[in-house]
Amino acid sequence: MIPFFPKQISSKGFYLYLGALAAVSLVFFSYAMGLEFIAMGIIWTSLFFFGSTFFTERWRDIDAKKFVKYVFWTALGLRVAWVIFSYLFFIAKTGIPFEFSAADSMGYYEDSAWLATEKWKTIRSYLDYKGISDAGYIFYLTYLYKLIGPNIFITRLIKSVISAYTCILLYKLATRSMNENVGRMTAIFAMLFPNLIMYCGLHLKETEMIFLSVAFLERADYLIRSKKYNVFTIALPLLLALSLFTFRTVMGAVALFSFATAVVFTTTPTMGKAKRWVLIGWGLLAITVFAGGTIVNEIEGVWQNRDINQESKRAAQTARGNKWAKYATGTVMAPMMFVLPFPTMVDVDEQYNQQMMSGGNFARNFLGCFVIIAIFNALFKKKNWRDLSLLGSFVIGYLGVVSASGFSNSERFLLPGLPVLLIMAAYGISLLDAKSFKFVKIWYWVVPIMAVAWAYFKLGSRGLF
């Protein structure tokens, strides 16, 4: 097995990004990104690709405790540096310490800053009015602001700590599910991944939501594989799943679905009949508690309205001049869910936030090849999919729901699936052999074509050429 990210592959990823960026900028010169966004893309991709090779080679043989410390502090340093830079960058560009065209982030901040001055009765009434899917994050910010005041900068520093610790949880999860080499590679990928770093500088809920989802998966995996279990070890993953409902109802539903799938299908020796029935009983109890309440009503509404939401978004895009948006349906996008979203490398509709993340989205497209290799091995070669059913059902379930909605290429909505995809990508890299490397060589052509084609789609759908 390959214990690190090979330099010949990582360097190819970086140079393919440069090539795709140059091609898009030359072919669609009138709509080329600004120099600051071009520079960001180059810096982010060089950090991820070259950094992944450097650290996976340098840290592969060090003591596990040292590795955890190195990953946490490096991840924290990168995130704090970005928080400082982005805070000043946004003020220079927008006049406020929020991203371009800030909407939800401003709402979260203003609501929480106001609620922090109110009594708990008012807070509860307001959260009931807002609904389940945003209540968790607003409550978290409100409680935090009662302690430290509505300080934007400190809030983002705390996000940096949460995100850095998420890398450690991914290390534990991937090591237990796969092996030590995959665990270390996953942690380093998460430590360096551009999008995970950038969200620490935003006032959105994704950083905390990803932490909760990874914590759920790590504790659920521990419960399934551990010989010992008690009320606490059973209740904790279910409580974490419940907390996800208060950030995004679909996340909570998928978490419970993945837990149930793993309990039914896993073949790990620690999952005896007695333990399996105990976990099934607790799962049924949790579902009974949720059934008939607000949570189920919201989930049902989301699912029943998935086609309406998709059609509404496509109609709105078409009305704004996005003539080809109607073709980006769930049926078309679902087969590509492991590589989405595509990178925005053109300056159109003032989508500056998407331009900032072009490097990270390209890296995700590039790693999609290794995700596919991992899935193929789990299903057909190693046939160990049953023991990976927790991770597989979670990411496939979540991305499947998103692809069936109107947000199939929305970076923000796809982001919660990224941590598991990083585990799968690391696993796919570790399994590389001469035969699968031929597929990687083909993928070298596919990724830049996707980037150029997406630029053509974005401009063409708006009738700009």
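About the cut-offs
- Residues numbered from 1 in each chain as written.
- Predicted model: local features only at pLDDT ≥ 70, side-chain atom pairs only at ≥ 80, totals over all residues.
- Heavy atoms only, no water.
- Helix = DSSP H or I, 4+ residues; strand = E, 2+ residues; numbered from the N terminus.
- Buried < 20%, exposed > 50% of the residue type's maximum accessible area, 1.4 Å probe, protein only.
- Contact = heavy atoms within 4.5 Å.
- Areas by Shrake-Rupley, 256 points an atom, 1.4 Å probe, with all protein chains shown as cover.
- Patch = residues over 30% accessible without salt bridge, like charges linked within 9 Å, V, L, I, M, F, W, Y side chains within 5 Å.
- Salt bridge = Lys/Arg side-chain N within 4 Å of Asp/Glu carboxyl O.
- Core = buried A, V, L, I, M, F, W, Y, C linked by side-chain atoms within 4.5 Å.
- Phe/Tyr/Trp six-rings, centres within 6.5 Å; stacked < 30°, edge-to-face > 60°.
- Expected span 1.5 Å × (residues − 1).
- Polar contact = N/O pair within 3.5 Å; in protein donor to acceptor, adjacent residues only side chain to side chain.
- Arc of directions from axis to C-beta.

Each helix and strand in the protein chain was counted, giving 22 helices and zero strands. Counting over 465 residues, the protein chain shows a buried share of 55%. In the protein chain, of all internal contacts separated by at least 6 residues, the share reaching a separation of at least 24 is 79%. When the accessible surface of the protein chain is summed, it comes to about 19800 Å², and 66% of that surface belongs to carbon and sulfur atoms.

This part takes up a nonpolar patch on the surface. A cluster of nonpolar residues, W120, F139, Y143, L147, I148 and I154, forms a patch on the protein surface that exposes about 580 Å² of accessible area. Within the secondary structure layout, I148 lies in helix 6 (residues 132-148). I148 sits in the partly exposed class, given a relative accessible area of 34%.

In this model, L340 is joined to P341 through a cis peptide bond whose omega is 5°. Of note in the backbone geometry, E350 takes a positive phi value of approximately 55° without being a glycine. Mapping E350 onto the fold places it in the loop between helix 16 (330-333) and helix 17 (352-356). Residue E350 is classed as exposed on the basis of its relative accessible area, which comes to 53%. Its identity is not glycine, yet K383 carries a phi of approximately 55°, on the positive side. Looking at the secondary structure, you find K383 in the loop between helix 18 (358-381) and helix 19 (389-403). Classification of K383 as exposed rests on a relative accessible area of 60%.

Moving on: the nonpolar core. Ranked by size, the top nonpolar core spans 142 residues in total, and within it M191 and F370 carry the most contacts. Once you skip the residues sitting within four places of it in the chain, M191 turns out to touch F55, W59, V71, T74, A75, L78, R79, C167 and I197.

We now examine the side chain of N361. Looking at the element boundaries, N361 is found in helix 18. Filtering out sequence-adjacent residues up to four positions away, N361 remains in contact with N195, P341, F342, P343 and E411.

What follows is about the packing of aromatic side chains. Each aromatic ring pair is specified by the distance between its two centres and by the angle formed by the two planes. Scanning all chains against the criterion turns up 43 aromatic pairs. Seen from their ring centres, Y17 and F362 are 5.3 Å apart, and the 70° between their planes marks the pair as edge-to-face. With Y17 in helix 1 (residues 7-27) and F362 in helix 18, this residue pair connects regions lying 345 residues apart in the sequence. Of the residues examined, Y17 reaches a relative accessible area of 0% and is grouped as buried.

Right, let's get into helix 3 (residues 64-94). The end-to-end C-alpha distance of helix 3 is 43 Å, a good match for the 45 Å that 31 residues give at a rise of 1.5 Å each. Among all positions in helix 3, only F67, V71, F72, A75, L76, R79, W82, V83, S86, F89 and F90 are buried. For helix 3, the secondary structure elements touched by its buried residues are helix 2 (35-58), helix 7 (152-177), helix 8 (180-192), helix 9 (194-198) and helix 17. Looking at where helix 3 begins, the residue whose side-chain oxygen comes 3.0 Å from the main-chain nitrogen of K65 is D63. A positive phi of about 90° marks G95, the residue just after helix 3.

So, about the pattern of salt bridges. In this structure the tally under the stated criterion is twelve salt bridges. E206 is the partner of R248 in a salt bridge, and the nearest nitrogen-oxygen pair spans 2.9 Å. Of this pair, R248 sits in the loop between helix 11 (231-245) and helix 12 (249-265) while E206 is found in helix 10 (residues 206-225), placing the two residues 42 residues apart along the sequence. R248 gets classed as buried once you look at its relative accessible area, which sits at 10%. Between R225 and D221 there is a salt bridge, with the nearest N and O atoms lying 2.7 Å from each other. You can see R225 and its partner D221 sitting in helix 10, four residues apart, about one turn around the helix. Considered together, R225 and D221 belong to a single accessibility category, that of buried residues. Members of the salt-bridge network, linked through shared partners, are R176, E218, R219, D221 and R225.

What follows covers the environment of L212. Within the element layout of this structure, L212 appears in helix 10. Separated by 29 residues in the primary sequence, L212 and A241 have C-alpha atoms spaced 8.0 Å apart. With near-sequence residues (within four places) excluded, L212 lies in contact with L240, S243, L244 and F247.

Moving on, we come to helix 5 (residues 120-130). Along helix 5, the residues that are buried comprise I123, Y126 and L127. Down the axis of helix 5, the smallest arc covering the buried residues is 100°, so these residues share one side. Opposite the packed face of helix 5, turned more than 90 degrees from it, sit the exposed residues K121, R124, D128 and Y129. Buried positions along helix 5 lie against helix 4 (104-115) and helix 6. Two residues or fewer past helix 5, G131 is found with a positive phi of approximately 100°.

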